[in-house]
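A structural walkthrough
Here's the letter readout for the chains.
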Amino acid sequence: MFGKSENREDYQHTPHVIAAMARDLPDKLVIPMHSHFRSQLVFGCSGVITVTTHNGTWVVPSLRAVWVPGGVEHEMRTTGSVEMRTIYVDPEAASHLPRECCVVAVSPLLRELIVEAVRIPNDFPDGGREEKIMSLILTEIQPDPVLPLDLPMPQDRRLLRVCQAILADPSSNSTLAEFGQTVGASQRTLERMFPAETGMTFSKWRQQARLHCGIRMLAEGTPVSTVALDLGYESPSAFSLMFRRALGVVPSEYFETIHARKIEGM
């Protein structure tokens, strides 16, 4: 796109420490596990991107981006048509940024910088407008505030079975004691292991899993009422309350904001 390569390998060793790539991806595309030399800021102007590593899953709707450090193996899945815009950064230039994956907010300024950066050739001249844009991006991709859209996966096989069961059926309201009978561990053991291995309580992890699923369903155009019931909530208002607490707006406002920003950027 924009006269530039869509092959990520062409962005790993460019003349400058930062380069930007644009790709438009179809719904339900899976990019298998891979890694690359440079760190990566993954952003979608539309749709939802789900990034999965061996340690967790990060959902990236259009007001967010995910930071993936160089060398970290990750898989990517799309929900809806995704206008993916990726910033590749030499690890030495990104030493001030996290060494682990995290979700960051995309400010209006950072969004416009990314949209402009993908049009800049990899061999842009020193000292000009292009260099200033790229330099400002490095300043703007600070990890604060990190927003709660990650879903860390445990290593213990019993706890992993519980998490996999929740992901397979997020509407289930099975108790931890009931899960324990299935995986061969007591409720108390699982209660202790959840924070130790995921940093979250059982109820918080299940809520986060439902939020992940809900964002993807909403991106596909599923009505809020259907999403709420499919995820095991008693009413759409209960789901909307959870959504608002996590993301600051109710579902309808969130996707209206995304749509408005997309139009403004045309």
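To be clear, the structure that these remarks concern was listed above.
In short, a report on the structure. (Residues numbered from 1 in each chain as written. Predicted model: local features only at pLDDT ≥ 70, side-chain atom pairs only at ≥ 80, totals over all residues. Heavy atoms only, no water.)

**Focus: the overall build of the protein**
Regarding its fold elements, the protein presents 9 helices and 10 strands. Based on the C-alpha atoms only, the size of the protein along its principal axes is roughly 65 × 35 × 30 Å. At a minimum sequence separation of 6, the contacts of the protein that also span at least 24 residues come to 72%. (Helix = DSSP H or I, 4+ residues; strand = E, 2+ residues; numbered from the N terminus. Contact = heavy atoms within 4.5 Å.)

**Section: unusual backbone geometry**
Here the phi dihedral of Phe-2 falls at roughly 55 degrees; this positive angle occurs in a residue that is not glycine. Along the polypeptide, Phe-2 turns up in the segment before strand 1 (18-25). Unusually for a residue other than glycine, Lys-28 sits at a positive phi of about 65 degrees. Residue class for Lys-28 comes out exposed when judged on its relative accessible area of 58%. (Buried < 20%, exposed > 50% of the residue type's maximum accessible area, 1.4 Å probe, protein only.)

**Let's talk about the sheet that holds strand 8 (residues 82-89)**
The strand order across the open sheet formed by 5 strands is 1-8-3-6-9, and the pairing between neighbours is antiparallel. Whereas interior strands pair on both sides, the edge strands pair on one side only; in this sheet they are strand 1 and strand 9 (102-105). Geometrically, the sheet is characterised by an average inter-axis angle of 25 degrees between neighbouring strands, direction not taken into account. One ladder, built from 4 bridges, connects strand 6 (residues 64-68) with strand 9; its direction is antiparallel. The partner of Ala-65 across the bridge, within strand 9, is Val-104. Where helix 2 (residues 129-140) meets the sheet, it contacts strand 1 and strand 8, and its direction lies at approximately 80 degrees from that of strand 1. (Pairing = 2+ DSSP bridges. Axes fitted to C-alpha atoms, helices over the stretch in contact; angles between N-to-C directions.)

**Brief notes about the side chain of Gln-40**
Structurally, Gln-40 is set in strand 3 (residues 39-44). Assessed through its relative accessible area of 2%, Gln-40 is described here as buried.

**Points about the nonpolar core**
Core analysis: the biggest nonpolar cluster contains 35 residues, and Ile-49, Val-66, Met-84, Leu-211, Ile-215 and Phe-239 have the highest contact counts within it. Secondary-structure elements contributing two or more residues to this core are strand 1, strand 4 (48-52), strand 5 (56-60), strand 6, strand 8, helix 6 (202-219), helix 7 (224-230) and helix 8 (236-247). One finds Ile-87, Val-104, Ile-120 and Ile-141 within the second-largest nonpolar core, a separate group that totals 28 residues. (Core = buried A, V, L, I, M, F, W, Y, C linked by side-chain atoms within 4.5 Å.)

**Some points on the sheet that holds strand 5**
Taken together, the 5 strands give an open sheet; going across it, the order is 2-7-4-5-10, and neighbouring strands pair in antiparallel fashion. This sheet does not close on itself; its edge strands, each paired only once, are strand 2 (30-34) and strand 10 (150-152). Direction aside, the axes of adjacent strands within the sheet are offset by 15 degrees on average. Bridge analysis of strand 5 against strand 10 gives 3 bridges, and the strand direction is antiparallel. Bridge pairing in strand 10 places Trp-58 opposite Asp-150.

**Overview of empty space enclosed by the protein**
The full count for this structure, using the stated rule, is 2 cavities of 30 Å³ or more. Listed by contribution, the elements that provide at least two residues to the lining of the largest cavity are strand 1, strand 2 and strand 8. Looking at side-chain class alone, the lining of the largest cavity contains 5 nonpolar, 2 polar and 2 charged residues. (1 Å grid on protein atoms, 1.4 Å probe; cavity = no way out; pocket = protein on both sides within 12 Å on 5 of 7 lines; lining within 4 Å. Points joined across faces, edges and corners; volume = space filled by probe spheres on them. Nonpolar A, V, L, I, M, F, W, Y, C, P; charged D, E, K, R; others polar.)

**Re helix 8**
Counted at 1.5 Å a residue, the expected span for helix 8 with its 12 residues is 16 Å, and the 16 Å between its end C-alpha atoms agrees. Along helix 8, the residues that are buried comprise Phe-239, Ser-240, Met-242, Phe-243, Ala-246 and Leu-247. Along the axis of helix 8, the buried residues cluster in a sector spanning 160 degrees; they form a single face. Along helix 8, exposed side chains directed more than 90 degrees from the buried face belong to Ser-237 and Arg-245. Among the residues trailing helix 8, Gly-248 stands out with phi positive, at a value near 90 degrees. (Expected span 1.5 Å × (residues − 1). Arc of directions from axis to C-beta.)

**What to know about the layout of surface pockets**
Empty space within the largest pocket amounts to approximately 260 Å³. Around the largest pocket sit 14 residues that line it, and Leu-167, Ala-209, His-212, Cys-213 and Arg-216 are the ones nearest its centre. Contributing elements (two or more residues each) for the lining of the largest pocket: strand 4, helix 3 (157-168) and helix 6. Looking at the lining of the largest pocket, the element that brings in the most residues is helix 6, giving 5 residues. Partitioning the lining of the largest pocket into residue classes produces 8 nonpolar, 4 polar and 2 charged.

Don't take any of this as a statement about function, it's just geometry.
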